[in-house]
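So you can see what is in the structure, the chains are spelled out below.
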Amino acid sequence: REGGDKTTAKATFIETYDYCVAKKLPKRAVDAVHHVALVVPPEEQPAWAMKGIAEAEKLKDDGWLAVLWNNLGATYEDLKKPEKALDAYLKARDYHHKGTNDQRKLAADWAVAHAQRLCGKHEEARIGLEKALAWAAKRHAAEPSKETLEWVGWCKKDLGESIAALGDKPKGLALLKEARAA
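My aim in this report is to walk through the structure given alongside it, one point at a time. (Residues numbered from 1 in each chain as written. Predicted model: local features only at pLDDT ≥ 70, side-chain atom pairs only at ≥ 80, totals over all residues. Heavy atoms only, no water.)

1. What to know about the nonpolar core
Within soluble globular proteins, side chains that are nonpolar tend to cluster in buried spots.
So, point 1. Grouped together as the largest cluster of nonpolar side chains are 35 residues, with contacts concentrated most on Trp 69 and Leu 72.
So, point 2. If one sorts the elements of this core by residue count, helix α6 (residues 102-118) sits on top with seven residues.
So, point 3. Not counting residues up to four positions away in its chain, the partners in contact with Trp 69 are Met 50, Ile 53, Ala 88, Lys 91, Ala 92 and Tyr 95.
So, point 4. In this structure, Tyr 17, Ala 37, Val 39 and Trp 48 belong to the second largest nonpolar core, which totals twelve residues. (Core = buried A, V, L, I, M, F, W, Y, C linked by side-chain atoms within 4.5 Å. Buried < 20%, exposed > 50% of the residue type's maximum accessible area, 1.4 Å probe, protein only. Helix = DSSP H or I, 4+ residues; strand = E, 2+ residues; numbered from the N terminus. Contact = heavy atoms within 4.5 Å.)

Below is the structure:
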């Protein structure tokens, strides 16, 4: 995969997945199917993601479920299916919030609000994005870095888009400019 040969990578990961399922190696099966979903064309990714989710559900592995649902949300977003993306991001957020990683929780909250914006649910998105932005700004103030500032920028970008869509174009534009700077 890293060498760019997706055809061989796909065949290898599918073979690995089939082997792991046959040999009852569920954790490795989840990992293998996750890699299949990364190399197949976008229209094939949801089916592979659902196989991985099914395997992770058998294990009750919240970490893998968070990752797999999040990746499925991104796939649906790429496929221009925002309602399905939102559903997947909501499931991912539930699993991320069971964990202890604040960065993943923040990213999950942003992803849900981002998908709400893509669905045209601008008021819901605004509410979620304001909360995510406050959290991102607090994290950046406590630990200034490019990484924490980037999340301030992502939150401001989507918040600016939602606020502009709600009718306050000057405020939305100001947030978009701040987002670009971040």
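Structure's up, so let's keep going.
2. A look at the packing of aromatic side chains
So, point 1. Taken as a whole and assessed by the stated rule, the structure comprises three aromatic pairs.
So, point 2. Ring centres of Tyr 17 and Trp 48 lie 6.0 Å apart, and the angle between their planes is 85°; this geometry places the pair in the edge-to-face category. Remark: Trp 48 occurs in helix α3 (residues 45-59) and Tyr 17 occurs in helix α1 (residues 6-22); sequence separation between them is 31 residues.
So, point 3. Ring geometry for Trp 110 and Trp 154: centres 5.9 Å apart, planes at 55°, overall tilted. Note that Trp 110 is positioned in helix α6 and Trp 154 in helix α8 (residues 146-165), a separation of 44 residues in sequence.
So, point 4. For Trp 154, a relative accessible area of 36% translates into the label partly exposed. (Phe/Tyr/Trp six-rings, centres within 6.5 Å; stacked < 30°, edge-to-face > 60°.)

3. Focus: the layout of surface pockets
A probe as big as a water molecule, rolled over the atoms, marks out the empty space that is left.
So, point 1. Taken as a whole, the largest pocket holds about 210 Å³ of empty space.
So, point 2. Every residue lining the largest pocket is counted, 13 residues in all, and those nearest its centre are Gly 63, Ala 66, Val 67, His 96 and Arg 104.
So, point 3. Mapped by element, the contributors of at least two residues to the lining of the largest pocket are α4 (62-78) and α5 (82-96).
So, point 4. For the lining of the largest pocket, the element with the most residues is α4, which contributes six residues.
So, point 5. Tallied by class, residues from the lining of the largest pocket come to three nonpolar, seven polar and three charged. (1 Å grid on protein atoms, 1.4 Å probe; cavity = no way out; pocket = protein on both sides within 12 Å on 5 of 7 lines; lining within 4 Å. Points joined across faces, edges and corners; volume = space filled by probe spheres on them. Nonpolar A, V, L, I, M, F, W, Y, C, P; charged D, E, K, R; others polar.)

4. A word on the side chain of Thr 148
So, point 1. Its place among the elements puts Thr 148 in helix α8.
So, point 2. Taking the relative accessible area as the measure of exposure, Thr 148 reaches 6% and is therefore buried.
So, point 3. Ignoring sequence-local partners within four residues, the contact set of Thr 148 consists of Ala 136, Arg 139, His 140 and Glu 143.

5. As for the environment of Leu 133
So, point 1. Inspection of the secondary structure assignment puts Leu 133 in helix α7 (residues 122-142).
So, point 2. With 18 residues separating them along the chain, Leu 133 and Trp 151 place their C-alpha atoms 7.8 Å apart.

6. Digging into the packing of α8 against helix α9 (residues 169-181)
So, point 1. Remark: α8 packs on α9, axes separated minimally by 7 Å, with the N-to-C direction vectors making an angle of 165°. Relative to α9, α8 is oriented roughly antiparallel. Crossing handedness for the pair α8 and α9: left-handed. Contact residues: α8 offers Gly 153, Lys 156, Lys 157, Leu 159, Gly 160, Glu 161, Ile 163 and Ala 164, while α9 offers Lys 169, Lys 171, Gly 172, Leu 175, Leu 176, Glu 178 and Ala 179.
So, point 2. The residue makeup of the contact of α8 with α9, split by class, is six nonpolar, three polar and six charged. (Axes fitted to C-alpha atoms, helices over the stretch in contact; angles between N-to-C directions. Parallel < 35°, antiparallel > 145°, perpendicular 65-115°, else oblique. Left-handed = near helix turned anticlockwise from the far one by under 90°.)

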